[in-house]
Amino acid sequence: MALQLGNYVSSVPALPTVANEVGAGLLVASRAEAVVAGTPRKWEDLYDAIDEEQARKRHRKLYPANVTKDEVVQSTFRKQTLEQEIAPAAGFVAAVAPPWAVSMQNHLNNTQNQLNNIQIQLATLLASSQNRVARKKNAFVLGNDDASGNAALMPLQKAVTGCGRDRALAVRTATTGLPPALLEVPPVGAVPQTLADQGCFPGNVGELERLTHSQVLALIQYYNNDFLIVQGDDIVSRRMKFKDFLK
């Protein structure tokens, strides 16, 4: 009978690919996947982390220009993190990283977090700039009394990080279920597919005028934006508020 290791207490993200393009291509087969808190611990996860560390070490020795020392050390710290999760659950005592290693790991984590925040800020600025252009085009279409129901609308880019499922839950009606959960949270700058392409965005004026409660909730979830919609709004008000968001 297989040893039950319980569930992960903490998530352990996958390492970024190495910066060097050649090195990244050669090491792609040994890249370990992220593990998620609450999912079952597996020996395979630790094996993959060990394999990733060894691959980076070997590659560093053979092609030092392709993998930096920092990228090797990152794989070692990730392996140790998994050891500390899995070993006690299996009855072993996990190795304790020395203080200098913990300090270095904290420094690397802080640096990575700062880089991630800068990346999100830049993506948000770019999305906002692109959306100004899209809103002008949508305002022209929506302000044209002669526009047919087939007049196309320009999708806006997502400009708020995260998933809006909680926002959708807060404003859904008593008879409206939540839309299916997103398999992957779209990043800032993403553009939704149109309803015609099995997405959530109304591709033309006619589809905008026919939005249902459920479709509005799907838009809230995607954009992580409630468009100023409140619990008591009827469907006409919800369509109008989303229309205001578009222009």
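Note that the structure is predicted; figures quoted are calculated from it, not measured.

Enquirer: What should I look at first to understand helix 7 (residues 213-223) in this one?
Expert: For the α-helix, the turn length of 3.6 residues means that residues three or four positions removed from each other point alike. Most of helix 7 is tucked away: eight of the 11 residues are buried. Looking at the buried positions of helix 7, the neighbouring elements they touch are helix 5 (165-171) and helix 8 (235-246). Trailing helix 7 by a residue or two, Asn224 shows a phi angle of about 55°, which is positive.

Enquirer: What should I look at first to understand the environment of Ala19 in this one?
Expert: Considering the arrangement of structural elements, one finds Ala19 in the segment before helix 1 (21-27). Take Ala19: its relative accessible area is 74%, and that puts it in the exposed class. Linking Ala19 and Val67, residues 48 residues apart in sequence, is a C-alpha distance of 7.7 Å.

Enquirer: Can you help me understand the packing of aromatic side chains in this one?
Expert: Two aromatic rings are characterised by how far apart their centres lie and by the angle between their planes. Per the counting criterion, the structure on display carries seven aromatic pairs. Here Phe227 and Phe245 contribute two aromatic rings whose centre-to-centre distance is 4.7 Å and whose plane-to-plane angle is 50°, an arrangement assigned as tilted. One end of the pair, Phe227, is in the loop between helix 7 and helix 8; the other, Phe245, is in helix 8, with 18 residues separating them in the sequence. In terms of burial, Phe227 and Phe245 fall into one category: buried. The rings of Phe201, Tyr222, Tyr223, Phe227, Phe242 and Phe245 are connected pair by pair, giving a single aromatic cluster. Over the aromatic face of Phe245 sits the side chain of Arg135, whose NZ or CZ is 5.0 Å from the ring centroid.

Enquirer: I would appreciate a short explanation of empty space enclosed by the protein in the present structure.
Expert: Once rolled over the atoms, a probe with the size of a water molecule shows which space is left empty. Inspection of the entire model under this criterion finds one cavity of 30 Å³ or more. Here the largest cavity defines a volume of roughly 70 Å³. Taken together, Thr17, Val18, Ala24, Leu27, Val28, Ser30, Arg31, Glu52 and Arg56 make up the lining of the largest cavity. Listing elements by their share of the lining of the largest cavity, those giving two or more residues are helix 1 and helix 2 (43-62). Considering only residue class, the lining of the largest cavity consists of four nonpolar, two polar and three charged.

Thresholds applied
- Residues numbered from 1 in each chain as written.
- Predicted model: local features only at pLDDT ≥ 70, side-chain atom pairs only at ≥ 80, totals over all residues.
- Heavy atoms only, no water.
- Buried < 20%, exposed > 50% of the residue type's maximum accessible area, 1.4 Å probe, protein only.
- Helix = DSSP H or I, 4+ residues; strand = E, 2+ residues; numbered from the N terminus.
- Contact = heavy atoms within 4.5 Å.
- Phe/Tyr/Trp six-rings, centres within 6.5 Å; stacked < 30°, edge-to-face > 60°.
- Lys NZ or Arg CZ within 6 Å of the ring centre and 35° of its normal.
- 1 Å grid on protein atoms, 1.4 Å probe; cavity = no way out; pocket = protein on both sides within 12 Å on 5 of 7 lines; lining within 4 Å.
- Points joined across faces, edges and corners; volume = space filled by probe spheres on them.
- Nonpolar A, V, L, I, M, F, W, Y, C, P; charged D, E, K, R; others polar.

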